[in-house]
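Architecture at a glance
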Amino acid sequence: MTDHGSSIDPNKPSIARVYDYLLGGKDNYAVDREIGDVFKRDLPGSVAIAFANRSALTRAIGEIVTTTGIRQFIDLGSGLPTADNVHQVAQRHDPESRVVYVDIDPQVLVHGRALLEENERTRVVPVDVRDPEGVFTHPDTLELIDFDQPVAVVFSAILHHVNDEEDPAAIVRYWRERVPSGSHFFVSHFRSGNNPETEEAERVLQQTFGRGRWRTDAEIEALLDGLEILEPGIVPASLWRPEVVDSPRIGDGERELTVWERLIAAGLARKP
């Protein structure tokens, strides 16, 4: 999260750009790589968090399109474009799928404008996710999203950047109250591990950005109050409906998850 309307500052680290660096992207600066290298050097294995999260998001979008009939998405705190963005995954299954991306990071908005030039079924809304009313009433949201039909609301790796005093549950509740029955909510979130790795990773984010709140599985479930949490529940992202492949995979008993893979949880919920 950055201050709305600010310009790109290559001397100030960005959550979106650090995440981009950890995923192997090129849209980052030395200051972002310096923070990313803290994770790579001092917290070896932590890069797996970013990849586990992105893979779970990709699987969730695919399942939503293929099993629910939902064709419209709101991606809150979308971050910098990378491989398999929400609209790319959704439109692979149905080209009519529509996606509103929401972010206020200046560099995300630059890429968003480029995205609009190549895909008429996407919009980028420059509103802070902590202002859900501003997102909901934005002309671009209303142009693309039909709120009389079910919507998929995506909270991928964003609610852990909302501090307790900013009431993340109220943000989810706002959207729950405004989308119709049958709408789906995907959430991924840093989860407390009660171990040195968790504490150190949380410390680095809080020291760098002034925010970052790890939560227990029960606390993450509480954010989805009023929604039906679908199987397999709130679980480590690598265990959230893993794809069936021929080779041994995570969660099939062949190997245990690493401590890092356990630090990001994912879940999908439905509005009754």
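Quick caveat, the model's predicted, so the values are computed rather than measured. (Residues numbered from 1 in each chain as written. Predicted model: local features only at pLDDT ≥ 70, side-chain atom pairs only at ≥ 80, totals over all residues. Heavy atoms only, no water.)

**Quick word on the packing of aromatic side chains**
Worth spelling out the cut-off: Pairing of aromatic rings covers Phe, Tyr and Trp, the last through its six-membered ring, and needs centres within 6.5 Å; plane angles under 30 degrees mean stacked, over 60 mean edge-to-face, and all others mean tilted. For the purposes of this entry, the term helix denotes a DSSP run of H or I that reaches at least four residues, the term strand denotes a run of E that reaches at least two, and both are numbered from the N terminus. Each residue gets one of three labels from its accessible area relative to the maximum for its type: buried under 20%, exposed over 50%, partly exposed in between, using a 1.4 Å probe on protein chains only. Counting as a charge over the ring demands two things of the Lys NZ or Arg CZ atom: a distance within 6 Å of the ring centre and an angle within 35 degrees of the ring normal.
Scanning the entire structure with this criterion turns up seven aromatic pairs. Look at Phe186 and Trp240: their rings are 6.2 Å apart centre to centre, the planes differ by 75°, and that puts the pair in the edge-to-face class. In this pair, Phe186 sits in strand β5 (residues 184–190) while Trp240 sits in the loop between β7 (235–236) and β8 (264–270), placing the two residues 54 residues apart along the sequence. Since its relative accessible area comes to 0%, Phe186 is described here as buried. Of the residues examined, Trp240 reaches a relative accessible area of 0% and is grouped as buried. By way of ring pairs, the aromatic residues Phe136, Phe147, Tyr174 and Trp175 are connected into one cluster. Taking the ring centre of Tyr174 as reference, the NZ or CZ of Arg178 above it sits at 3.6 Å.

**Focus on the pairing of β8**
Note the cut-off: Only when DSSP finds a minimum of two bridges between them are two strands counted as paired.
Within β8, six of the seven residues are buried, leaving the element largely enclosed by the surrounding structure. Note: β5 against β8, seven bridges, orientation antiparallel. Each residue of the ladder has a partner; that of Phe186, found in β8, is Leu268. Summarising the sheet, strand β6 (residues 228–229) and β8 pair through two bridges and their orientation is antiparallel. Opposite Glu228, over in β8, you have Arg270 as the bridge partner. Bridging between β7 and β8 involves two bridges; their strand directions are antiparallel. Bridge pairing links Val235 to Ala266 in β8.

**Some points on the confidence of the model for the protein**
Rules: Values of pLDDT, which run from 0 to 100, indicate the predictor's confidence residue by residue. Whether two residues are in contact is decided by their heavy atoms, any of which lying within 4.5 Å being enough.
For the protein, per-residue confidence averages 86 on the pLDDT scale, and 90% of positions sit at 70 or higher. Under a pLDDT of 50 for its full length, residues 1–5 has, in the predicted model, 14 contacts with residues more than four places off or in other chains. Segment residues 245–253: pLDDT under 50, and 12 contacts once partners within four positions in sequence are set aside and those in other chains are kept.

**Here's the deal with the packing of helix α2 (residues 30–42) against helix α9 (residues 196–209)**
Put simply, the test is: Each axis is a line fitted through C-alpha atoms, taken for helices only over the stretch in contact, and angles between the N-to-C directions span 0 to 180 degrees. Oblique is the label for every angle not falling under 35 degrees (roughly parallel), over 145 degrees (roughly antiparallel), or within 65 to 115 degrees (roughly perpendicular). Amino acids are sorted into nonpolar (Ala, Val, Leu, Ile, Met, Phe, Trp, Tyr, Cys and Pro), charged (Asp, Glu, Lys and Arg) and polar (every other residue, Gly among them).
For the pair α2 and α9, interaxial distance at closest approach is 11 Å and the crossing angle is 170°. By the angle between their axes, α2 is roughly antiparallel relative to α9. Judged by residue contacts, Ile35, Val38 and Phe39 of α2 engage Ala201, Val204, Leu205 and Thr208 from α9. Partitioning the contact of α2 with α9 into residue classes produces six nonpolar, one polar and no charged.

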